[in-house]
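Structure at a glance
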Amino acid sequence: MKRRGVTVWFTGLSGAGKTTISKAVEQELRSQGYLVEVLDGDIVRQNLTKGLGFSKEDRDENIRRIGFVAHLLTRNGVIVLVSAISPYREIRREVKAKIGDFVEVFVNAPLEVCEKRDVKGLYKKARAGEIKHFTGIDDPYEIPTNPDVECHTDIETEAESVAKVWQKLQAFGYLD
């Protein structure tokens, strides 16, 4: 039996928990025999979109390229987990329209919480002026107006966030 593919797009500020939740969802899906591919924004930038900067145009092109790969995989029955800041609503809408089978997950954590987590030290560098065009500091993040799932990682456990995503995938008919 061929399963339907879907792109699960995790969007939110750096440090919100996108990668953490997507990795946990990936593990659960793999343990149950689903075909899964992960497109993490940081890894994609090192490989597929190397050379793009952080202007609005470059960010949009980065998301378009990730969306293109996600679309190819989705139409071939793969569950694609995309973890990318993707700060602009319009490009998220464009990618969603192109892919079709798409679940938007807003990984919501307040800026202060993300700055405290700051695993990579990026907020500190952005606040010191060492990084320009940093989302949430000197570049905007446009909050999704109607995400399919919203995970509040400042008050939910990882397991609670994963369960929300899982339940939505079931409700939309992507999981058995």
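Fair warning: this is a prediction, and the values are worked out from it, not measured in the lab. (Residues numbered from 1 in each chain as written. Predicted model: local features only at pLDDT ≥ 70, side-chain atom pairs only at ≥ 80, totals over all residues. Heavy atoms only, no water.)

Details of unusual backbone geometry
- Positive phi is not limited to glycine here, since Ser86 has a value of about 40 degrees.
- By the element assignment, Ser86 lies in the loop between β3 (79–83) and α4 (89–99).
- The exposure class of Ser86 is buried, given its relative accessible area of 2%.
- Located in the positive-phi region is His133, a residue other than glycine, with phi close to 60 degrees.
- Tracing the backbone shows His133 in the loop between α6 (122–127) and β5 (149–152). (Helix = DSSP H or I, 4+ residues; strand = E, 2+ residues; numbered from the N terminus. Buried < 20%, exposed > 50% of the residue type's maximum accessible area, 1.4 Å probe, protein only.)

Quick look at the nonpolar core
- Core analysis: the largest hydrophobic core is formed by 31 residues, its most contacted members being Val8, Phe10, Leu29, Val105 and Val165.
- Counting residues in each nonpolar core, the second largest holds 15 residues, with Ala70, Val80, Tyr88 and Ile91 among its members. (Core = buried A, V, L, I, M, F, W, Y, C linked by side-chain atoms within 4.5 Å.)

Examining the pattern of salt bridges
- Under the definition given, this model contains 13 salt bridges.
- Notably, a salt bridge pairs Glu61 with Arg65, separated by 3.1 Å at the nearest N-O pair. Pair noted here: Glu61 and Arg65 are both in helix α3 (residues 56–74), with a separation of 4 residues, about one helical turn.
- Of the charged contacts in the structure, one is a salt bridge between Arg93 and Glu90, with a shortest N-O distance of 2.9 Å. Residue Arg93 and its partner Glu90 are located together in helix α4, separated by 3 residues, close to a single helical turn.
- When salt bridges that share partners are traced, they join Glu61, Arg64, Arg65 and Glu94 into one network. (Salt bridge = Lys/Arg side-chain N within 4 Å of Asp/Glu carboxyl O.)

Examining the sheet that holds strand β1 (residues 6–11)
- The strand order across the open sheet formed by 5 strands is β2-β3-β1-β4-β5, and the pairing between neighbours is parallel. What marks the edges here is a single partner per strand, and that holds for β2 (36–40) and β5. Shown here is a sheet whose adjacent strand axes are inclined to one another by a mean of 15 degrees, direction ignored.
- In the sheet, β2 pairs with β3 via 5 bridges, with the strands oriented parallel. Looking across to β3, one finds that Asp40 is bridged to Ser83.
- Lying on the sheet, α3 is in contact with β1, β2 and β3; it crosses β1 at an angle near 150 degrees.
- Across the sheet, α4 lies against β1 and β4 (102–108), angled at about 150 degrees from β4, the strand it touches most. (Pairing = 2+ DSSP bridges. Axes fitted to C-alpha atoms, helices over the stretch in contact; angles between N-to-C directions. Contact = heavy atoms within 4.5 Å.)

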